[in-house]
Amino acid sequence: MRVVVGGGTGFVGRALTQLLRSRGHQVTHVSRQGGKDRITWEELSHSGLPLCDAVVNLAGENVLNPFRRWGDAFCREVISSRVDTTKALAEAIAAAEQPPRAWVLVTGVGFYRPSPTAEYTEDSPGGDFDFFSRLVSSWEAAALIPGSPTRGVVVRSGVVLGRDGGAISQMLLPFRLGLGGPMGSGLQPFPWIHIQDLSGIVCHALEKESVRGILNGVAPSSPGTSNGAFAQELAAALGRPALLPVPAWAVRAVFGAERAVMLLQGQRVLPKRTLESGYCFVFPELPAALRDIVA
Ligand code: NDP
């Protein structure tokens, strides 16, 4: 299969590209910078979609970049890097003479309202209560191609756990020094997925013709994981204590109140349709997922 991947140079994109190539697929990235096996977003808009069988979008400015102040300019970048790239790919698919068979977008579980108790499946409502939920709504709306023969799948991902980037890369140093701990109360749910499973779900969605619509990208045991439990498990995997909670005010001071919600609150999310679609998780449980990552 020839697969075009927007934002394929990033943390998730590198893992997905490796998996797709190991399964014999050809991968072309769409990036802000040209290079081998890449086209730029400008080339996409001028020349259209290269001949391909499937398209994925993973592009997006890192929301939790601690070096970027949470303000209007950054918010606009967070939105446009997701919605405009998704729209560009959807328009290219709609205009293609030979449309691809599959179109997969990765968004986030921020679609669902944070709650310590509610459990969400792909059928649960959401998408209209705060910045992140509205972002996911407009991101997913940008992917829609009315009347298209191309099969559409959206994977709503939890926090992606992997070795070479994402949340864990920022946590490893303090945890290795024994300075890690839960954020805020630590009671908030921590929806997570191992990077191998997120890549696996995207690949499954590309290869299996019967898969369409929303799939939650979280581990099956994720609804039972709190932020505090995650901190304990990460510390245990590293053989270090996790005694130092990060107070909520400090998280707000670094990230800004609106963005801190992502860390201080969380959702219990079930991968109901993902499991029903036949996807078999490699890392359903947190201890094994973390041992794999920190080994
Ligand atoms: P990365 O932060 O690694 O970024 C992915 C790619 O997006 C980059 O390699 C870059 O490609 C492109 N990109 C970054 N900023 C911009 C920008 N301002 N304009 C256009 N393109 C940009 O993301 P991840 O791999 O971690 O995540 C992939 C997708 O999954 C993202 O959309 C993210 O929101 C979503 N997601 C990720 C989660 C996580 O825990 N990592 C959790 C839930 C959802 P290039 O430099 O080649 O242009």
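Since this is a predicted model, take the numbers as computed values, not measurements. (Residues numbered from 1 in each chain as written. Predicted model: local features only at pLDDT ≥ 70, side-chain atom pairs only at ≥ 80, totals over all residues. Heavy atoms only, no water.)

## What about the overall build of the chain?
Stated formally: For the purposes of this entry, the term helix denotes a DSSP run of H or I that reaches at least four residues, the term strand denotes a run of E that reaches at least two, and both are numbered from the N terminus. Based on C-alpha atoms, the radius of gyration is set beside the globule rule, defined as 2.2 Å times the residue count to the power 0.38. Classification of residues uses two cut-offs on accessible area relative to the type maximum, computed with a 1.4 Å probe and protein chains only: under 20% is buried, over 50% is exposed, and between them is partly exposed. Here, residues are in contact when the closest pair of their heavy atoms is within 4.5 Å. Here the Shrake-Rupley method, with its probe set to 1.4 Å, supplies the accessible areas, and only the displayed protein chains count as covering residues. Residues counted as positive are Lys and Arg, residues counted as negative are Asp and Glu, and His and the chain ends are not counted. All charge positions are set by atom: Lys at NZ, Arg at CZ, Asp at CG, Glu at CD.
The helix and strand tally for the chain stands at 11 helices and 11 strands. A compact globule built from 295 residues would reach a C-alpha radius of gyration of about 19 Å, and the chain, at 19 Å, matches this within 12%. Within the chain, buried positions represent 54% of all 295 residues. Long-range contacts, defined as pairs at least 24 residues apart, comprise 79% of the intrachain contacts of the chain with a sequence gap of at least 6. Put simply, the chain shows about 13400 Å² of open surface, and 55% of that area lies on carbon and sulfur atoms. Side-chain charges in the chain split into 28 positive and 25 negative, and the spacing between the mean points of these groups amounts to 4 Å.

## Some thoughts on the state of the cysteines
Which entries qualify depends on this criterion: Criterion for a disulfide: a pair of cysteine sulfur atoms within 2.5 Å.
On inspection of all chains with the given rule, the structure shows zero disulfides. With no disulfide partner, Cys280 has as its closest neighbouring cysteine sulfur the one in Cys203, 14 Å distant.

## Re the site of the ligand
Selection rule: Here, proximity means that at least one heavy atom of the residue falls within 4 Å of the molecule or strand. N or O atoms closer than or at 3.5 Å make up a polar contact, with two conditions inside protein: a donor-capable atom paired with an acceptor-capable one, and, for residues adjacent in sequence, both atoms drawn from side chains.
Every one of the 22 residues lining the ligand counts as a neighbour, but Thr9, Val12, Ser31, Arg32 and Arg82 are closest to it. Within the contact set of the ligand, an oxygen atom lies 3.4 Å away from a backbone nitrogen or oxygen of Leu58. One of the side-chain N or O atoms of Glu61 is found 3.2 Å from a nitrogen atom in the ligand. In isolation the ligand offers 880 Å² of accessible surface; the protein chains occlude 80% of this area. Among the secondary structure elements, those contributing two or more residues to the shell around the ligand are helix 1 (11-22), helix 3 (72-95), strand 5 (102-108) and strand 8 (159-161). By residue number, the principal contributor to the shell around the ligand is helix 3, which donates three residues.

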